[in-house]
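A closer look at the structure
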Amino acid sequence: MTEKEGARSGALRDAEWLRRQFTDPRTVEPVHDDGSLSGRNLRPAAVLVPVVAREQALTVLLTRRTDHLHHHPGQISFPGGRVEETDVSAVMTALRETEEEIGLDPDRIELLGELPEYRTGTGFRITPVVGLVHPPFDLTLDSFEVAEAFEVPLSHFLDPGRHQKHRAEYQGRMREYYAMPYGEYFIWGATAGILVSLYRFLGEGR
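Rules of the game
Residues numbered from 1 in each chain as written. Predicted model: local features only at pLDDT ≥ 70, side-chain atom pairs only at ≥ 80, totals over all residues. Heavy atoms only, no water. Phe/Tyr/Trp six-rings, centres within 6.5 Å; stacked < 30°, edge-to-face > 60°. Helix = DSSP H or I, 4+ residues; strand = E, 2+ residues; numbered from the N terminus. Lys NZ or Arg CZ within 6 Å of the ring centre and 35° of its normal. Buried < 20%, exposed > 50% of the residue type's maximum accessible area, 1.4 Å probe, protein only. Arc of directions from axis to C-beta. Contact = heavy atoms within 4.5 Å. UniProt positions renumbered as here; feature names shortened; annotations may be inferred. pLDDT = per-residue confidence, 0-100. Core = buried A, V, L, I, M, F, W, Y, C linked by side-chain atoms within 4.5 Å. Salt bridge = Lys/Arg side-chain N within 4 Å of Asp/Glu carboxyl O. Pairing = 2+ DSSP bridges.

Okay, the packing of aromatic side chains next. Taken as a whole, this structure holds 3 aromatic pairs when the rule is applied. Ring plane angle 5° and centroid distance 3.8 Å describe the contact between Phe150 and Tyr185, whose orientation is recorded as stacked. Of this pair, Phe150 sits in strand E8 (residues 146-153) while Tyr185 is found in the loop between strand E10 (173-179) and helix H5 (189-201), placing the two residues 35 residues apart along the sequence. The residue whose ring lies beneath Arg43 is Phe124, and the NZ or CZ to ring-centre distance is 4.2 Å.

Structure below.
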């Protein structure tokens, strides 16, 4: 693809383009953690994959967890968490957790659909809920859980050249995981895996 063609392709990736992708039924090969568990013992969770409809280009809103947390300190993540008994759906979990963690008003979120379930090696099955976020909006971060929120151009994650695979030893065995570094941010693990799933869903790998 030439630079001119790439620019033209990128220009077409706007809010309407994203909506169309979710009105076209498709089957996507799921992405899971290497070494993820299977079966009925996995705990249900949900995250919001917030795609912000900026005038210049679509971006993805991410958070960095605070360094003192017991689970995944300092990691880059989507807003979300485990499904509570009072949650009637994964969508409700994703929206509730997003409002609690970063203060994003659900009224600013246009729900588009869900990506394939993502299973983790830590015993969760995560439903990624994709939402189109309409500016303007204000964020109020939960300072205990969230150190910062930031945006990354969607085009960064749709470039397969940015998709890295790393290997590390975990609990006595070597495991592979995806990573998509962006500037000072090392985006990896479940967050990167869900972004690969989004890449596949949007048909960028075809």
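Read on, since the account is not over.
Further remarks concern helix H2 (residues 15-23). Taken together, the buried positions of H2 are Ala15, Trp17, Leu18, Gln21 and Phe22. The arc that holds every buried residue of H2, seen down its axis, measures 165°, which confines them to one face. Against the buried residues of H2 lie strand E1 (43-53), strand E2 (58-65), strand E5 (109-114), strand E7 (124-133), helix H4 (154-157) and H5.

So, on to the UniProt feature "transmembrane region" (unreviewed entry) in the protein. Annotation from UniProt places "transmembrane region" (unreviewed entry) at residues 182-202. Measuring from the first to the last C-alpha atom of residues 182-202 gives 20 Å, for a span that is 62% helix and 0% strand.

When the pLDDT values of the protein are averaged, the result is 87; 85% of them are 70 or greater. Predicted confidence for residues 1-11 stays below pLDDT 50, and this span has 1 contact to residues more than four positions away or in other chains.

Next up on the list: the nonpolar core. Within the largest apolar cluster, 40 residues are counted, with the highest numbers of intra-cluster contacts made by Leu18 and Leu62. Ignoring sequence-local partners within four residues, the contact set of Leu62 consists of Ile76, Ser77, Phe78, Glu148, Ala149, Phe150, Val152, Phe157, Ile187 and Thr191. Among the nonpolar cores identified, the runner-up in size contains 14 residues, and Ala46, Leu48, Leu61 and Val133 belong to it.

Tracing the backbone shows Gly103 in the loop between helix H3 (90-102) and E5. With 39 residues separating them in the primary sequence, Gly103 and Asp142 have C-alpha atoms 7.8 Å apart. Each residue touching Gly103, except ones within four places of it in the same chain, is listed here: Thr98, Asp138 and Thr140.

Applying the stated criterion across every chain yields a total of 11 salt bridges. With its nearest N and O atoms 2.7 Å apart, the salt bridge here joins Arg19 to Glu110. Of this pair, Arg19 sits in helix H2 while Glu110 is found in strand E5, placing the two residues 91 residues apart along the sequence. Taken together, the shared-partner salt bridges connect Asp87, Arg96, Glu97 and Glu100 into one network.

The subject of this paragraph is the pairing of E1. Counting buried positions over the 11 residues of E1 gives 9, a clear majority of the element. As paired strands, E1 and E7 are joined by 10 bridges and run parallel to one another. Looking at E7, one finds that Val51 is bridged to Leu132. Note that E1 and strand E4 (residues 80-82) share 3 bridges and pair antiparallel. Within the sheet, the bridge partner assigned to Ala46 lies in E4 and is Gly81. Sheet topology note: the E1/E2 ladder contains 3 bridges and is antiparallel. Looking at E2, one finds that Ala53 is bridged to Leu58. Where E1 folds back onto E2 in an antiparallel hairpin, the turn is made up of 4 residues.

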